[in-house]
Amino acid sequence: MALVSCPECEREVSSHAKSCPHCGCPIDLDITRDAPGRPESHLPKCGECGAPATRACTRCGKMVCEQHITWFHNIRGAGAVCTACQGFGCIMTIVGLVIFGIIALVIFTMNK
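Counting from 1, residues in each chain are numbered in the order their sequence is written. Where totals are concerned, whole chains, interfaces and linings use all residues; where local detail is concerned, this predicted model gives features only for residues with pLDDT of at least 70, and gives and counts side-chain atom pairs only at 80 or more. Side-chain measures were taken over the full set of non-hydrogen atoms in the model, leaving aside hydrogen atoms and water.

Q: Help me understand the overall build of the protein in this model?
A: Looking only at helices and strands, the protein features 1 helix and 6 strands. For the protein, the α and β elements follow one another from N to C terminus as β-β-β-β-β-β-α. In the protein, which comprises 112 residues, the share counted as buried stands at 26%. It only takes one pair of heavy atoms within 4.5 Å for two residues to be counted as in contact. In the protein, the proportion of contacts linking residues at least 24 apart, taken out of those at least 6 apart, comes to 20%. In short, Shrake-Rupley with a 1.4 Å probe defines the accessible areas, and a residue's cover is counted only from the protein chains shown. Carbon together with sulfur atoms contributes 63% to the accessible area of the protein, which is approximately 7,600 Å² in total. Comment: elements are numbered from the N terminus, with helices defined as DSSP H or I runs of at least four residues and strands as E runs of at least two. The classification of residues rests on relative accessible area computed with a 1.4 Å probe and restricted to protein chains. Under 20% of the type maximum is buried, over 50% is exposed, and intermediate values are partly exposed.

See below:
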């Protein structure tokens, strides 16, 4: 297994990877461009709408089109997530905040 440079973010990626785990850019450039003699029906389809997929979600790996991808930035860097993973991340943030609030309330009432 060799490491290659991602054409978009220039980080090291396995040569066997279908897409960059950091930014979601397809490593096999034939995925996004129709190669000569290659029918368009062989291009990967978006998991949401069926349009030609151009990027992979950095969380679940599902191939999606630009319409169904959202960019995020955090401490570890930037990435692209599909709409399903974005919704799951929002739900987990709300659950975390509720749990934190309950713990803070219990500690506050115990100190009275």
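Q: Just checking my understanding: could you explain a nonpolar patch on the surface for this structure?
A: Two joining distances apply to patches: 9 Å for like charges and 5 Å for nonpolar side chains (Val, Leu, Ile, Met, Phe, Trp, Tyr), and every residue must have over 30% relative accessible area and no salt bridge. We define a salt bridge as a contact between a side-chain nitrogen of Lys or Arg and a carboxyl oxygen of Asp or Glu at a distance within 4 Å. The grouping of F88, I91, M92, V95, I99, I103 and I107 at the surface amounts to a nonpolar patch, some 660 Å² of accessible area in total. For M92, a relative accessible area of 42% gives the class partly exposed.

Q: Could you clarify how one ought to interpret the pattern of salt bridges in this entry?
A: Pairing is possible between side chains of opposite charge, provided their charged atoms come close. Taken as a whole and assessed by the stated rule, the structure comprises 1 salt bridge. The partner of R55 in a salt bridge is E66, and the shortest N-O contact between them spans 3.6 Å. Of the two residues, R55 sits in strand β3 (residues 55–56) while E66 sits in the loop between β4 (63–64) and β5 (69–74), which places them 11 residues apart along the sequence. Residue R55 is classed as buried on the basis of its relative accessible area, which comes to 7%. A residue is classified by how much of its surface remains accessible, and E66, at 44% relative accessible area, is partly exposed.

Q: I keep staring at the side chain of S14 and nothing clicks. Help me out?
A: Relative to the helices and strands, S14 resides in strand β2 (residues 12–14). For S14, a relative accessible area of 18% puts it in the buried group. The definition of a polar contact used here is a pair of N or O atoms within 3.5 Å, where within protein one atom must be able to donate a hydrogen and the other to accept one, and adjacent residues in sequence count solely through side-chain atom pairs. Polar side-chain contacts of S14 include one of 3.1 Å to the backbone nitrogen of H16.

Q: For this particular structure, what's the right way to read the environment of G79?
A: Here G79 lies in strand β6 (residues 77–82). By relative accessible area, which is 0% here, G79 ends up buried. Along the primary structure G79 and H22 are separated by 57 residues, whereas in three dimensions their C-alpha atoms are 5.7 Å apart.

Q: Is there a simple way to think about the side chain of H68 in this case?
A: Structurally, H68 can be placed in the loop between β4 and β5. Apart from residues lying up to four places away in sequence, H68 is in contact with C46, E48, C49, V81, C82 and T83.

Q: I tried to follow the confidence of the model for the protein on my own but got confused; where do I start?
A: Should pLDDT be low for a region, the predicted coordinates there are not to be read in detail. Confidence per residue, as judged by the predictor, is encoded in pLDDT with a range of 0 to 100. Per-residue pLDDT for the protein has a mean of 76; in total, 78% of the residues score no lower than 70. Taken element by element, the protein is modelled with least confidence in β5, mean pLDDT 70, and with most confidence in helix α1 (residues 83–110), mean pLDDT 85. Low confidence marks residues 29–35, where pLDDT is under 50. Its contacts with residues over four positions away, or in another chain, come to 16 contacts.

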